[in-house]
Amino acid sequence: MIDFAGLPYYEDVSPGSGALPPRAWTSTSDARRLSLNGTWRFRLSPTATTEDESFARPEFDDHGWDELPVPGHWVLQGHGAPAYTNTLYPFPVDPPRVPTENPTGDHRIAFDLPGDWPAAASGGDALLRFEGVESCARVWLNGQELGVFQGSRLPHEFSVGGLLRPEGNVLAVRVHQWSAGSYLEDQDQWWLPGIFRDVTLLHRPEGAVRDFFVHASYDHRDGSGTLRVDSEPGGRVTLPGLGIDIATGETVTLPVEPWSAELPRLYEGELVTEGERIPLRIGFRTVVVEDGVLKVNGRRILFRGVNRHEFHPETGRTVDLSTMRQDLLLMKQHNINAVRNSHYPPHPAFLSLCDELGLWVIDECDLETHGFVDLGWRDNPVDDDRWIPALLDRAERMVERDKNHPSIVLWSLGNECGTGRGLTAMAHWIRGRDTSRPIHYEGDPSCTDTDIYSRMYPEHAEVDLIGRRAEAPLDDPELDAHRRALPFILCEYAHAMGNGPGGLSEYQRLFETHARCQGGFVWEWIDHGIAHPEHGHGYGGDFGEELHDGNFVCDGLLFPDRTPSPGLTEYKKVVEPVRIEGDGPAGTLRITNTHDFADLSHLAFVWSYEIEGLTVADGPLSVPPVAPGESAELKLPEPPATDRAGEALWTVRAVLGQETPWAKAGHEIAWAQLPADTRGQVSRPRTAPAARPQRGPAGSGTLALGPGVFDAASGALTRIGGIPVTGPRLDVWRAPTDNDNGAPWQPDRRYGLIWRELGLHRMRHRLDGVEPTDEALTVRTRVAPAATDLGLRADYRWTADGDRLHLAVSVTPEGAWSCPLPRLGVRLGLPAAYGRAEWYGGGPGEAYPDTRAASRIGLWSSTVDALQTPYVRPQENGARADVRWARLKDEHGSGLRIDGEPAFWFTARRWTTEQLDAAGHTPDLRAGDTVWLNLDHAQHGIGTQSCGPGALPQHHLDAGPAEFSFTFSLAR
Ligand code: IPT
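Since this is a predicted model, take the numbers as computed values, not measurements.

Conventions adopted
Residues numbered from 1 in each chain as written. Predicted model: local features only at pLDDT ≥ 70, side-chain atom pairs only at ≥ 80, totals over all residues. Heavy atoms only, no water. Helix = DSSP H or I, 4+ residues; strand = E, 2+ residues; numbered from the N terminus. Rg over C-alpha atoms; globule rule 2.2 N^0.38 Å. Buried < 20%, exposed > 50% of the residue type's maximum accessible area, 1.4 Å probe, protein only. Contact = heavy atoms within 4.5 Å. Areas by Shrake-Rupley, 256 points an atom, 1.4 Å probe, with all protein chains shown as cover. Lys, Arg positive; Asp, Glu negative; His and termini not counted. Charge placed at Lys NZ, Arg CZ, Asp CG, Glu CD. Salt bridge = Lys/Arg side-chain N within 4 Å of Asp/Glu carboxyl O. Near = heavy atom within 4 Å. Polar contact = N/O pair within 3.5 Å; in protein donor to acceptor, adjacent residues only side chain to side chain. Nonpolar A, V, L, I, M, F, W, Y, C, P; charged D, E, K, R; others polar. Core = buried A, V, L, I, M, F, W, Y, C linked by side-chain atoms within 4.5 Å. Pairing = 2+ DSSP bridges. Axes fitted to C-alpha atoms, helices over the stretch in contact; angles between N-to-C directions. UniProt positions renumbered as here; feature names shortened; annotations may be inferred.

(A) Geometry of the overall build of the protein. The number of helices and strands found in the protein is 11 helices and 58 strands. Over its C-alpha trace the protein gives a radius of gyration of 32 Å, about what one expects of a compact globule, namely 30 Å for 972 residues. Taken along its principal axes, the extent of the C-alpha atoms in the protein is 105 × 65 × 60 Å. Across the 972 residues of the protein, 61% fall into the buried class. Expressed as a percentage of contacts within the protein between residues at least 6 apart in sequence, the contacts between residues at least 24 apart total 73%. Roughly 35400 Å² of accessible area belongs to the protein as shown, and the carbon and sulfur atoms make up 50% of that amount. Computed over 92 positive and 137 negative side-chain charges, the inter-centroid distance for the protein is 5 Å.

(B) Expanded view of the pattern of salt bridges. Counted according to the given criterion, the structure contains 81 salt bridges. A salt bridge links R421 to D383; the shortest N-O distance between them is 3.1 Å. Pair noted here: R421 is in helix α4 (residues 421-433) and D383 is in the loop between β27 (360-364) and α3 (388-402), with a separation of 38 residues, a long-range link. Given the relative accessible area of 41%, R421 is considered partly exposed. Taken together, the shared-partner salt bridges in this structure form one network comprising E134, R153, E185, R317, D366 and R394.

(C) Highlighting the site of the ligand. Every one of the 14 residues lining the ligand counts as a neighbour, but D188, H343, N415, E492 and H495 are closest to it. At 2.7 Å from an oxygen atom of the ligand is found a side-chain nitrogen or oxygen belonging to H343. A distance of 3.0 Å is found between an oxygen atom of the ligand and a side-chain nitrogen or oxygen belonging to W523. Compared with its free state, where it exposes 390 Å², the ligand has 90% of that area covered by protein. Class assignment for the residues of the shell around the ligand results in 5 nonpolar, 5 polar and 4 charged.

(D) Fine view of the nonpolar core. Counting 152 residues, the largest nonpolar core has L128, V139, L171, L201 and F605 as the members making the most contacts within it. With 6 residues, helix α2 (residues 348-357) is the largest single contributor of residues to this core. Apart from residues no more than four positions distant in its own chain, V139 is found in contact with L128, F130, Q144, E145, L146, G147, F149, F158, L171, A172 and V173. Core analysis: the next-biggest nonpolar cluster, separate from the first, contains 57 residues, L717, A794, V809 and F964 among them.

(E) Up close: the sheet that holds strand β46 (residues 723-724). Here 5 strands make up an open sheet; going across it, the order is β42-β43-β44-β45-β46 and the pairing antiparallel. With one partner strand each, in any of the chains shown, β42 (694-695) and β46 form the two edges of the open sheet. Alignment of strand β45 (residues 717-720) against β46, held across 2 bridges, turns out to be antiparallel. Bridge pairing in β46 places I720 opposite I723.

(F) Region of the structure containing the sheet that holds strand β19 (residues 251-255). Taken in spatial order, the 3 strands line up as β15-β16-β19 in an open sheet, and their pairing is antiparallel. Looking at the sheet topology across the chains shown, the edges are occupied by β15 (211-219) and β19. Across this sheet, the average inter-strand angle for adjacent strands is 20°, counted without regard to direction. Looking at chain direction, β15 and strand β16 (residues 224-232) are connected through 9 bridges and run antiparallel. Counterpart to V214 in the pairing with β16 is V229.

(G) Spatial organisation of the UniProt feature "domain: Beta galactosidase small chain/" (unreviewed entry) in the protein. The UniProt record annotates "domain: Beta galactosidase small chain/" (unreviewed entry) at residues 708-969. Split by type, residues 708-969 is 7% helix and 47% strand. Its first and last C-alpha atoms lie 9 Å apart.

This is the structure in structure tokens:
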């Protein structure tokens, strides 16, 4: 075991020196503050060994240095490069030692105090506050050393009152990329050193608040709130809205409206001490674990959550206020009600926004030692007494900073640290300080230190068992009984990497079935793709890293530029807090309110009656203010009289009745479609007698059948009504998704690799016969890869009537297929001019068998370009589900129409699947001279096995006999 004594400060495991004890954060007060954000001077050294501290002297000449915006990460500001690893430490693991190559940024800023800054003679103090510096800082003011600290995403303050002068102050900060603290910060994200959050100078008048703690609880039995505010020094607390005017330390109980994520009622007030007035925003709520369930204000809550890292594609973890707000607005607009601060406390302003807009928050400590897993957790800092002071320091800095936010309902000790005494010490300290929030930690299956049973990425079947409290027992009966009595959450599930995640609906059903299963947090909110000059958005390996984990860092529901991905649209639909069901032909409707607190009075309901995607009639639907957890039975209106023929559907939607702080009136919350009659799809009647295949002009080598022209020798279709075409022919390949490729620890599910190994990307089409008969042209083939006896017999039977050409495909597998197929359908090429698509079927967005909840039947149109989903690493994307017919048109509006029987999966792109498969980044995809269509009878599910379970069996595309058909005609 290494001796920790005598190491330089950046390798010191103790919490540092010089910084003040942590305290509650406030965004404002009447005390003066001065932001030191701005342009600083900066010098980067390759090592930390420099003994030269002359730069800290005020008179040091830094004119030759670069300028650097603070806050920021120097590796995103032209100095060095970012690096991505998931669990691997990017340096030799020898805690607490770090490499000699330890990039070190010296920072300087000179500043004057504003003219109205209180003079030192007026008493009080001033604090210098850092909200976040990665990973270790040493600080000097006016040549005087203030101290050193670690704990990158935690605040640190120094007392500087005695050192300030009216003009010419010089703040010097030396930041090391690596420190002992780096061993505690092995989160799955970019390594981004720098002063990345605000730096502020705070005046502290005599008698100012050193710290304060708001205790505001709610008793649902009598609707009362109880408030006590502890403050040091004491003072008075006023909340005019409640007529409260009490001394600090005094308790008052009175009727209040509670705070919840759904109804985030905050009472504005003020804490006044002799030296300071601090605005308060108080939310009354009580969080308990009772009867094995997590309850807020007496009711079970259900997390519809996401894991959020702080991320911006240009500025990394420096995230400005408007971006924070944008994140939360997008969450609220997508029915998300909870956020886990993975895996560190965010910028403090984010939490105030959560209070205001209404989100349940898990605040997680800046602690992860994941890289020790590969060492069998040998020397894990969380199980080593010498690190306990540092761990406690981290817990204290989180809890003290954030304790006054009603939105925080759980404290989390950290992420992926294995188990150990350090965690127990943290939990013990937190319990002694704040009894109002249960404790979360996922990494210890025994739940020794926690009040919640939490897991990541379990399969649906296991969640079902846990929901029944019938999970496999722990060896220790006492611990087992403890755990079995706890509520259960998925702190991570549904890995949103690339196309996906699949299987959300099935999880949601479990959460709605078992009281113990209180929802989960999708991994994760946003792709961490960093703006890259060549690649658009770069991922691991794009910045010259020696070790990296590729695009595993791009696994969010938002693309790096914060455009919602189809996964977010799907999640919104799956977690919608209103369930609309019914029997269209019978005209009955059942509306269930799945909110936890809100009734339905804030929503307006509307219906529409559509035939083949065209709205024939619509109107409002009167729905009573159904209480949470309750349902109402309603009648649909009488179907409108119409002579329009075709498939008829009811669409019922719940929208916001009024504007909210996060969306406009009319914003859609929930919807459903119900077939209006039992007829279903109406097939177009034959219009003309059947045509027969005809030989083309002598020497042309062609066959004609209705509007189709075929190569007589190969049976290949070459034209439809004058439009040159390539194919259609059988296609089973898709550019493997991240989920297809799966995770290394689940080799039997890595279908992307298994398919490639089998050769599904290099299928050969053997021609076995071209058989024109009186009524049809039949082309028989066998489609198979080299080196195996597996194959698919594919027969294409062509018929025509009038201007319509029909294709019936019949597929028969041969050999023992032991894995599912990626897709099953035909691929067809059209000239590039056919760049506009219209379809009647599922839309407007992408859908796959287990990601199709948000796909609704309608008449949609898009350019082919806009049909693409720009996953940071290109992969299969863009399919539309349940398509009855599609038209591809040129700019004059003419083109090809395809009707499917049964409905099909429709995909169109300007590159081949092979090109999509070969691309590493979106700019690699270049439009060619063909629009490629995939008309699929079936697709394999998506699953979430890039980190989690695969597609459920019901979403597997198993090789089996299949028949499907298409009708081609010219579109006008
Ligand atoms: C889990 C981590 O907690 C999270 O930070 C992230 O890495 C996620 O996986 C995958 O993207 S840990 C995993 C080994 C289950």
